[in-house]
Each structure stands twice: as structure tokens, then as C-alpha cells.
Amino acid sequence: MPRLQWTRATSATLLALVGALSLTACSDDDDTTPDSGVKVDAGITTDAGSDAGTTDAGSDAGSVDTGIAWDGGSAGDFSCEGKTQTTLNFAPGEEQEIQNQVNTLAECTTIQLAPGTYTFKNAITIRQNGITLVGAGKGVKGEGTGGASSTVLVFTTAQANSNGLDVVGHRFTVSDLAVWNAKKDAIRVESSSDVVMRRVRTEWAEANKETNGKYGLYPVKSKYVLIEDCEAYNAADAGIYVGQTEYAVVRNSVAKQNVAGIEIENTKYAYVLGNTAQDNTTGLVVFDLPGNPIKGTDIRVKNNIITGNNRNNFASVQASSSTVSQVPAGTGTFMLASRRVELTGNTWGNNNTVDVAVLSGLTIDSNPANWAAAGGNWASADIYIHDNTFQGGSGDNVDNGNLSQTRRPLGAALAALYAYGETQGTLGVEHLVWDGLDPVGHDRGQLNPINICFVDNTLPTGTTTAIVDLDLQAAATLAGKGDLVGAWGKTRHYAADKAEFNCAGFSPALTIGDNIK
């Protein structure tokens, strides 16, 4: 029996829950203007991605660009070599001097912050190349004031809707400090290249507060990004968010108590290694959104711990992205409108809704025209899930039982189906859920047309079915007509060794991560 017995619902309630299956999608950050009020282009151009004009979800569809042999270091055009390099030193109490200096920084300047607490009423806005901002240490979770070996930047009384650090500039590094109670994003770096965030902590003082800032670490529209040994807590959207970026490494970092722990959105070539995502609403996710020009691809997710992500969703529907605000609590990992994603060496468990889900972008926006910016990138395909560990304890209490048709309709639909399924002997959601939508209108005789490979994973003893194809469109249609028996009958439940899912990944294989130092 599941840890938490399903709540029995009347047929009328179940029908109401599956009544809304299409979310409203929007960019996870509609504000494209930095806090200075001036749009700044640091020279990064977006690329719709290889095969942007195709919508074939199958493997090996046309020419595939696997990217350059990036080693995780600087690869952009800007360098401080041979240029004058300056260091500016500041101590607590010199906040105004810091603000004055950042407005007129020369390129290739290091700002050294002594240990202690720095209180700011405005964002620290940097618009220069070659800037390094370094403190004395990030401190520990819950530390809102700096100590003898930590530097904490406090924005509790800052102006509304301002970021903590707001940066546009190539070769930017921030390290060894914490950003506390930013009004919007803690550290936002936009349209930049060679970005390094190392040993940084972002945090909001109160948990589960929808008025907390949206993002902790937020590089967006950038290239060659490294996030390592960082921590992110209590963000009302995502703790660590890499968006619309080419070439990114997120490694050895911790994301807890956020709505989403780690997000990789509309990004090409990302290596997500050795992170811990626990106690979020959803742990680690990979997705594309409509209207963004980069077609996400080539994402390797390796050796991460993604367990116990059961925090109730506290994102504001108005202030947060509509995508994240509608994720049901208890979601370990979902991939939406994603392709060429490899998940290996990871650990999932005790995620109340589902460990891993593969979804079509049409679940959040059913109009293909809205996906035109990246060449029609709604389809998920080529998902290689191998050599992971599924601990168990997942899929037995969708959205913690706090079902909402209007705010989290997909979770409500999943709960409705499995509430009926329990009466048929299925006591929980399988470890891998596929919505069954892509390719649109495909022959249902094709059991795995988008090449989801589920191979050599360790499952709990006694597991009978590990994979489910929801055939969501057909199931929802029947449920809407009152035919719950027929709706459940459309779902297909497979053992882990089902031949059609016992495949060897995709070709060409990913190269991102192969050269990372």
C-alpha cells in the first residue's frame, strides 16, 4: 500500500479535475530590461538550434550539431590579458562607496569585499567587462549577517522589484559571498559570456513565501556559464536557473526549499553534475518554453540527488512564471519540449507525485504557432535514462493531496486517473511517466515513437511496472465524457525491461561534459 492512501473522490469530482489539461505558458521572465532601465546587448546572439525547422520527434532526424569541445573555462572573445587590472577593497559601512564605484568601473577590475554585512537599498548594477566580485565566504544556510569568515549582501530594505546583483558584461566572476533577501532575482547575469558563479549562496529569510524573489542564481541569454559549489534557498520560482543559454555547467551545488530547485530552460549544451535538489516543489527540470529563439538540446544530467521534493507550491501565479506555478508538489524531474537529454547516475526517491516525467510542450501551449521562434520546438524526443537509482516511496500522493484544477491542472488530472487506477490494483504512479502526446497524432501502434530509453536502472524490490504512457489526450477526452473506465484503459503500463524502451540512447551521443575539467 502507498505511504498515504489515495483520497476517494466521487466521479463528479474526478471529472472536474481532468477538465483543464492545457496550461497557460509564458516566458519564465517576461522582464527583459535590466534594472538600469536600459536594454543592453553584450554581443551574445541566440541560435534557434540545429534542425530548428524540423518537428520530427524521432531519433537521428537530420544533421545534429553536438557543439564544441568546451572544457568549462573561458571561451568567449573578451580577455583581460595584457590589460590594466585593478583591485578595489571595501569594508562594511562603505556601501555607498561601492555603489559609486560600480557606476564607473574600468574593465578588468576586481572588487574585494571584506567579511561582514553589507546593506543595500538598490541593486548592485554592473555594466562592464572583466569584473570580479569576491567576498570572504558564503557562510551557512540561515546566516543573514556576515561573520568573521563570510560576506553577506543584504537587500531586505531595497527598492521593490530590484535585483541583488544585476550584471551585463563578459568575463564576469562572483564568488565567496551570499545575497540575502533580494526583492526580485538575487544574482541576474544577462547577455554575457564567460560567467562564473562559485561558492555563492542566495537565500530568502522566510520559507514558503510567494513574495520572495523569483530566482537565486540566474544567468540568462548568455554563453559559457559555470555555476559550482553554490547554494540556493527559498526562491519563489527557481533556486538555480539557466535560461536561453549556450554552454553551461551546473555542478556540486545545493538547491533546497525553492519552488523549483534547478532549471535548465531553452538551453543548448548543459552539463548538470553532482548537485543536490531536495525539499523543493520540483527538484531538477529541463524544458523549453514557447516564444524563445533557442531550441534547447544536448543536456546531460549526471550523478545528482533528487529526492524528497514535496514542498507545497508557493509560487505566485501573478509574479512567477505560469509554468512553475502549476507544477504539482512531489515532482522529482520533468522534461518538457526537450530533446537529446541524458540522465545517468542520478538518485530519485520519495517524490510524492512522480520521479521522472517526459512531457510535450503542447501540454502548456497547444498552439504550434506560438512555438515558431525556435522552429516548432514543442516535441520531446531522444531521452536516455540509464544507470540511475530509484529508491522508492514516490508516486503515492500526487501534489500532496492538495489538488487544484485551476492552478495545477496536470497534477489534478494525474491524481484523477490514478485514483481510479487504485481501484484496479495500481497503487502509485510509475517511476517514469510519458504523457503520450508526441509526435502529434502518431499511430498508437508505435509504442515508443520519440525514443525514450529506460535501461539498467536500479528499482525498488517488487517493482512490477516502471513506465506509463498516459495517452493523455485520449484519456482526458474519455474522462470528460464520463468514461473513467475507458480513460484508464487508454493508459499503458510497462515493466522496466519493456523491449521498446530498452534502447541504447541516441546518435550522435552527447559530447557536452566529455572535456569538462
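Enquirer: Before we go on, may I ask you to explain the overall build of the protein chain in this structure?
Expert: Check the secondary structure of the protein chain and you find 6 helices and 32 strands. Of all 517 residues assigned to the protein chain, the portion counted as buried reaches 61%. Nonlocal contacts in the protein chain, meaning residues at least 24 apart in sequence, comprise 70% of its contacts between residues at least 6 apart. A total of about 17,900 Å² of accessible surface is found on the protein chain, and carbon and sulfur atoms cover 47% of it.

Enquirer: Just to check I follow, could you spell out the sheet that holds strand 29 (residues 432-434) for this structure?
Expert: Paired through their backbone hydrogen bonds, the strands of a sheet run either parallel or antiparallel. On the basis of which strands lie adjacent, the open sheet formed by 12 strands has the order 4-7-9-11-14-17-20-23-26-29-31-32 and mixed pairing. Strands at the two margins of the open sheet, each flanked by one partner only, are strand 4 (124-126) and strand 32 (492-494). Each neighbouring strand pair of the sheet contributes to a mean axis angle of 10°, computed without reference to strand direction. Relative to strand 26 (residues 354-359), strand 23 (residues 331-336) runs parallel, the two being bridged by 5 bridges. Bridging from a neighbouring strand, Phe334 pairs with Ala357 of strand 26.

Enquirer: What exactly am I supposed to notice about the environment of Ala277 here?
Expert: Tracing the backbone through its elements, the reader meets Ala277 in strand 19 (residues 276-278). For Ala277, a relative accessible area of 1% corresponds to the buried category. For the pair Ala277 and Asn309, spaced 32 residues apart in sequence, the C-alpha to C-alpha distance is 7.6 Å. Apart from residues lying up to four places away in sequence, Ala277 is in contact with Ala255, Gly283, Ile305, Ile306, Thr307 and Asn309.

Enquirer: Help me understand the pattern of salt bridges, please; the structure alone is not making it clear to me.
Expert: Once the charged atoms of two side chains with opposite charge are near each other, the side chains can pair. In the structure shown here, the tally under the stated rule is 22 salt bridges. The salt bridge involving Arg127 is made with Asp166; its shortest N-O contact spans 2.6 Å. Taken as a pair, Arg127 in the loop between strand 4 and strand 5 (132-134) and Asp166 in strand 7 (residues 165-167) lie far apart in primary sequence, 39 residues in all. A relative accessible area of 26% places Arg127 in the partly exposed class.

Enquirer: Before we go on, may I ask you to explain the packing of aromatic side chains in this structure?
Expert: Aromatic rings considered in pairs are described by the distance between their centres and by the relative angle of their planes. Going through the model one piece at a time under the given rule, you end up with 13 aromatic pairs. Centroid distance Phe120 to Phe155: 5.4 Å. Interplanar angle 20°. Geometry classified as stacked. Note that Phe120 is positioned in the loop between strand 3 (116-119) and strand 4 and Phe155 in the loop between strand 6 (151-154) and strand 7, a separation of 35 residues in sequence. Of the two residues examined, Phe120 and Phe155, each falls in the buried class.

Enquirer: Where do I start with the nonpolar core in this structure?
Expert: In globular proteins that are soluble, nonpolar side chains generally tend to be buried together. Counting 69 residues, the largest nonpolar core has Leu113, Leu153, Val174, Ile187, Met197, Ile227 and Ile264 as its most contacted members. Here this core takes 4 residues from strand 8 (residues 172-180), the largest share from any one element. Membership of the second largest hydrophobic core comes to 40 residues, among which are Trp378, Tyr418, Leu472 and Ala475.

Enquirer: It is not clear to me how the environment of Arg251 should be interpreted in this structure. Could you clarify?
Expert: Within the secondary structure, Arg251 is located in strand 15 (residues 246-251). Of the residues examined, Arg251 reaches a relative accessible area of 14% and is grouped as buried. Counting along the chain gives 22 residues from Arg251 to Leu273, while the straight-line C-alpha distance between them is 4.6 Å. Once you skip the residues sitting within four places of it in the chain, Arg251 turns out to touch Leu226, Ile227, Glu228, Asp229, Leu273, Asn275, Ile516 and Lys517. Here Glu228 takes part through its side chain, which lies 2.8 Å from a polar atom of the side chain of Arg251.

Enquirer: Whenever I open this one, the confidence of the model for the protein chain confuses me. Can you help?
Expert: Any segment with low pLDDT has predicted coordinates that should not be analysed in fine detail. Within the protein chain, residue pLDDT values average 89, and 87% of them lie at 70 or more. Counting contacts from residues 1-27, a segment whose pLDDT is below 50, to residues more than four positions away or on other chains yields 71 contacts. Within the model, the stretch residues 32-61 combines pLDDT values under 50 with 85 contacts to residues more than four positions away or in other chains.

Enquirer: It is not clear to me how the environment of Ser360 should be interpreted in this structure. Could you clarify?
Expert: With respect to the element layout, Ser360 can be found in the loop between strand 26 and strand 27 (381-386). Excluding anything up to four places from it in sequence, Ser360 contacts Leu336, Ala337, Trp378, Asp435, Leu437 and Asp438. One polar contact links Ser360 to Asp438, side chain to side chain, over a distance of 3.0 Å.

Enquirer: I keep staring at helix 5 (residues 472-480) and nothing clicks. Help me out?
Expert: Each α-helix winds once per 3.6 residues, and so residues spaced three or four apart point in a common direction. The complete set of buried residues in helix 5 reads Leu472, Ala475, Ala476, Leu478 and Ala479. Considered in projection along helix 5, the buried side chains sweep an arc of 165° and stay on one side of the axis. In helix 5, the exposed positions that point more than 90 degrees away from the buried face belong to Gln473 and Gly480. Backbone geometry just after helix 5 places Gly482 at a positive phi near 90°.

How each quantity is defined
- Residues numbered from 1 in each chain as written.
- Predicted model: local features only at pLDDT ≥ 70, side-chain atom pairs only at ≥ 80, totals over all residues.
- Heavy atoms only, no water.
- Helix = DSSP H or I, 4+ residues; strand = E, 2+ residues; numbered from the N terminus.
- Buried < 20%, exposed > 50% of the residue type's maximum accessible area, 1.4 Å probe, protein only.
- Contact = heavy atoms within 4.5 Å.
- Areas by Shrake-Rupley, 256 points an atom, 1.4 Å probe, with all protein chains shown as cover.
- Pairing = 2+ DSSP bridges.
- Axes fitted to C-alpha atoms, helices over the stretch in contact; angles between N-to-C directions.
- Salt bridge = Lys/Arg side-chain N within 4 Å of Asp/Glu carboxyl O.
- Phe/Tyr/Trp six-rings, centres within 6.5 Å; stacked < 30°, edge-to-face > 60°.
- Core = buried A, V, L, I, M, F, W, Y, C linked by side-chain atoms within 4.5 Å.
- Polar contact = N/O pair within 3.5 Å; in protein donor to acceptor, adjacent residues only side chain to side chain.
- pLDDT = per-residue confidence, 0-100.
- Arc of directions from axis to C-beta.

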